[in-house]
Amino acid sequence: MSFGDWILALHVLSAFALVASMVLFWVLVIATRTLTDVDARITYGRVGDLGGKVIGVGFFGTIVFGIWLAFLKDSYAIWDGWIVAAIILWVIGGYTGGRAGAEYQNILDRARELKSSGEPAQPGEFRSSSGELMLAISSLAILLILIDMIWKPGA
Amino acid sequence: MTSMLAAHRPTDWNFPLFVHVLGAMILVGGLLTGASILAFARGDTRSLRLGYWTLLAVALPGYIVMRIGAQWIYSREGWEQLDDDPTWIGIGFIVADIGALLVLIALIVGGIGVRRLTSGGGHGLLKAAMVIAWLVLAAALVAVWAMSGKPG
């Protein structure tokens, strides 16, 4: 394998980390929508923390290795339309994903408060419509990046 | 991402490749999620059930989509006309076939474990399912490396 092949492999592995953590977050979001069990919410929060680390690796790796590849391969240029589109979608996905993460961190903090005070959770207390919306936008942006990368429109 | 799997790929290969890659990503996500929830469950019945159902309802469909896409792109690219597959395709087939067997074992073992949760048992079986899921996840990442870097 050449150096470029290794960079490509790391780029693709980062993309897998990105999508895998999106799957993880959606499972947790769906599982906690009607949840009132505080302990279970905190347990899912630990899983979410792991997902947060994986998605960080995914976002970092896709952009760093992706831009590296764009400079490495003679057939691609950083200003190619499909690469610029991917970078814009990456920014949108990262920003909305970060907003969703902040929403769910607040909910996790609330669950920890409830646990320490011994109060029960109300139905829907662990649900965030705005968090779901942000996660949906982020997921859509990542799906569009995948489509853009495979079809490479204009290349 | 997968953009650079082939620099000058015929456009009619794109959709099968998309199906293959998306299925593989869902498979990896399902394995990561299911195994993580089982790992963090610490005996909590609700979490153990969620971990198992994630393997069944996310990882398994992801595997099926990935495998259909794999055969589709394999056929479309004309690899079946060659006597021997290149190393990277060989790695992919080995991981997919052994991975399928292991996923099925994990689902059967975990399914028995979930049934036994109502009587207070099943924790060991679900732990076994979790270990298998982590193994398949590790193997899947090796396959991703092979598919993208194409060693050999």
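The structure under discussion appears in the preceding block.
Keep in mind that this is a model prediction, so the values were computed, not measured.

1. Quick notes on the packing of aromatic side chains
If you walk through the whole model with that rule in mind, you get eleven aromatic pairs over all chains. Pairing Phe 65 of chain A with Trp 68 of chain A gives two aromatic rings, centres 6.2 Å apart and planes at 15 degrees, and the pair type is stacked. Linking Phe 65 of chain A with Trp 68 of chain A, this pair stays in helix 2 (residues 38–72), spanning three residues, or about one helical turn. Among the aromatic residues, those joined into a cluster by ring pairs are Trp 151 of chain A together with Phe 15, Phe 18 and Trp 72 of chain B. One cation-aromatic arrangement involves Lys 152 of chain A over Trp 82 of chain A; the distance from NZ or CZ to the ring centre is 5.9 Å. Here the basic side chain of Lys 150 of chain B rests over the ring of Trp 88 of chain B, its NZ or CZ set 4.4 Å away from the ring centre.

2. Re the environment of Thr 62 of chain A
Residues and elements named next belong to chain A. Inspection of the secondary structure puts Thr 62 in helix 2. Separated by 28 residues in sequence, Thr 62 and Trp 90 have C-alpha atoms that sit 8.8 Å apart. In this structure the side chain of Thr 62 is engaged in a polar contact, spanning 3.0 Å, whose partner is the backbone oxygen of Phe 59.

3. Description of the interface of chain A and chain B
With 39 residues of chain A at the interface, the matching set in chain B holds 39 residues. Where chain A abuts chain B, roughly 3,700 Å² becomes buried across the two surfaces, and 78% of that area is made up of carbon and sulfur atoms. Between chain A and chain B we count one salt bridge in total. Across the pair Asp 37 of chain A and Arg 46 of chain B runs a salt bridge whose closest N-O atoms are separated by 3.8 Å. Where chain A packs against chain B, one counts one residue pair in polar contact (both at pLDDT 80 or more). Every element with two or more residues in the side of chain A that touches chain B is listed here: helix 1 (3–32), helix 2 and helix 4 (129–151) of chain A. The element that contributes the greatest number of residues to the side of chain A that touches chain B is helix 1 of chain A, accounting for 16 residues. When grouped by side-chain class, the residues that make up the side of chain A that touches chain B number 32 nonpolar, three polar and four charged.

Cut-offs and rules
Residues numbered from 1 in each chain as written. Chains lettered and ligands numbered in written order. Predicted model: local features only at pLDDT ≥ 70, side-chain atom pairs only at ≥ 80, totals over all residues. Heavy atoms only, no water. Phe/Tyr/Trp six-rings, centres within 6.5 Å; stacked < 30°, edge-to-face > 60°. Helix = DSSP H or I, 4+ residues; strand = E, 2+ residues; numbered from the N terminus. Lys NZ or Arg CZ within 6 Å of the ring centre and 35° of its normal. Polar contact = N/O pair within 3.5 Å; in protein donor to acceptor, adjacent residues only side chain to side chain. Contact = heavy atoms within 4.5 Å. Buried area = accessible area lost by both parts, 1.4 Å probe. Salt bridge = Lys/Arg side-chain N within 4 Å of Asp/Glu carboxyl O. Nonpolar A, V, L, I, M, F, W, Y, C, P; charged D, E, K, R; others polar.

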